[in-house]
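# Remarks on the overall topology
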Amino acid sequence: MELPAEQREELLSVLKARFEKNMNRHKGLEWAEVQAKLEANPEKLWSLNEMERTGGEPDVVGHDKQTGEYVFCDCSAESPKGRRSLCYDREALEARKANKPEDNAMDMAAAMGIELLTEEHYRELQKLGNFDTKRRAGENTF
């Protein structure tokens, strides 16, 4: 999916401001290179917009020099408001008898084009600051 031009520009502006405000998360990286990569991958912009729309406050937290991929993670202080009260996966959701949530984290992440962080990635993210202190954050690479 692709974002309309106006929405794309607004998102890039938000991401750039967050990038520049939090340089400790991505030392040695340049926004112009990140933006060029984003603009070449419009489906990733759509996913980042979903992360932003649901309260994740995505920011660059890494760069894989071998693949050239940049890693964005949710950097919100608390669990993203639009992604709370979920079961982990469909099996857990279907097994729930009372107070059943509307969705599950695995399906929601897949629909957004992101992945849940592994425990290892989550621990690495915590070295950059106190993020998502109640639940695991989302991740997007491109």
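As a reminder, the structure under discussion sits directly above these lines.
This one's a predicted model, so the numbers in the text were calculated from it and none came from an experiment.

### Details of the packing of helix H1 (residues 5-21) against helix H3 (residues 42-53)
In helix packing, the relevant descriptors are the interaxial angle and the interaxial distance, both defined with respect to the helix axes. The contact between H1 and H3 brings their axes to 11 Å, and the two run at 70°. Considering the angle they form, H1 stands roughly perpendicular to H3. Seen from above, H1 lies across H3 with left-handed handedness. Between H1 and H3, the contacting residues are Gln-7, Arg-8, Leu-11, Leu-12, Val-14, Leu-15 and Arg-18 on the first element and Leu-45, Leu-48, Asn-49 and Glu-52 on the second.

### Focus: the state of the cysteines
Scanning the model with the defined rule gives zero disulfides in all. Left unpaired, Cys-73 is separated from the closest cysteine sulfur, that of Cys-75, by 6.3 Å. Assessed through its relative accessible area of 3%, Cys-73 is described here as buried.

### Let's talk about the environment of Met-23
Tracing the sequence through the fold places Met-23 in the loop between H1 and helix H2 (31-39). The partly exposed category is assigned to Met-23, whose relative accessible area is 34%. Spatially, the C-alpha atom of Met-23 lies 9.5 Å from that of Val-61, the residues being 38 residues apart in sequence.

### A few points about helix H5 (residues 105-112)
Turning to H5, its buried residues number three or more, namely Ala-105, Met-108, Ala-109 and Met-112. In an axial view of H5, the angular spread of the buried residues amounts to 100°, which keeps them on one side of the axis. Exposed side chains of H5 directed beyond 90 degrees from the buried face belong to Ala-110 and Ala-111. Residues of H5 that are buried in the fold lie against H3 and strand S3 (115-116). The N-terminus of H5 is capped by Asn-104, whose side-chain oxygen sits 3.2 Å from the backbone nitrogen of Met-106. One or two steps after H5, the chain reaches Gly-113, where phi turns positive at roughly 80°.

### Focus: the packing of aromatic side chains
Evaluation of the coordinates by the stated rule reveals one aromatic pair. Each ring, one from Phe-19 and one from Trp-31, has its centre 5.3 Å from the other, and the planes form 55°; the classification is tilted. Here the residue Phe-19 occupies a position in helix H1, and Trp-31 occupies one in helix H2, the gap between them amounting to twelve residues. Taken as a pair, Phe-19 and Trp-31 share a single burial class, namely buried.

### Thoughts on the pairing of strand S2 (residues 70-74)
Among the five residues that make up S2, five are buried, leaving the element largely enclosed by the rest of the structure. Burial along S2 is two-sided: Tyr-70, Phe-72 and Asp-74 and Val-71 and Cys-73, pointing in opposite directions, are all buried. In this structure, strand S1 (residues 58-63) lies alongside S2, joined through five bridges in antiparallel fashion. The residue of S2 that forms the bridge with Pro-58 is Asp-74. Counted between consecutive antiparallel strands, the loop separating S1 from S2 contains six residues, among which Gly-68 sits at a positive phi close to 80°.

Reading guide: rules and limits
- Residues numbered from 1 in each chain as written.
- Predicted model: local features only at pLDDT ≥ 70, side-chain atom pairs only at ≥ 80, totals over all residues.
- Heavy atoms only, no water.
- Axes fitted to C-alpha atoms, helices over the stretch in contact; angles between N-to-C directions.
- Helix = DSSP H or I, 4+ residues; strand = E, 2+ residues; numbered from the N terminus.
- Parallel < 35°, antiparallel > 145°, perpendicular 65-115°, else oblique.
- Left-handed = near helix turned anticlockwise from the far one by under 90°.
- Contact = heavy atoms within 4.5 Å.
- Disulfide = S-S within 2.5 Å.
- Buried < 20%, exposed > 50% of the residue type's maximum accessible area, 1.4 Å probe, protein only.
- Arc of directions from axis to C-beta.
- Polar contact = N/O pair within 3.5 Å; in protein donor to acceptor, adjacent residues only side chain to side chain.
- Phe/Tyr/Trp six-rings, centres within 6.5 Å; stacked < 30°, edge-to-face > 60°.
- Pairing = 2+ DSSP bridges.

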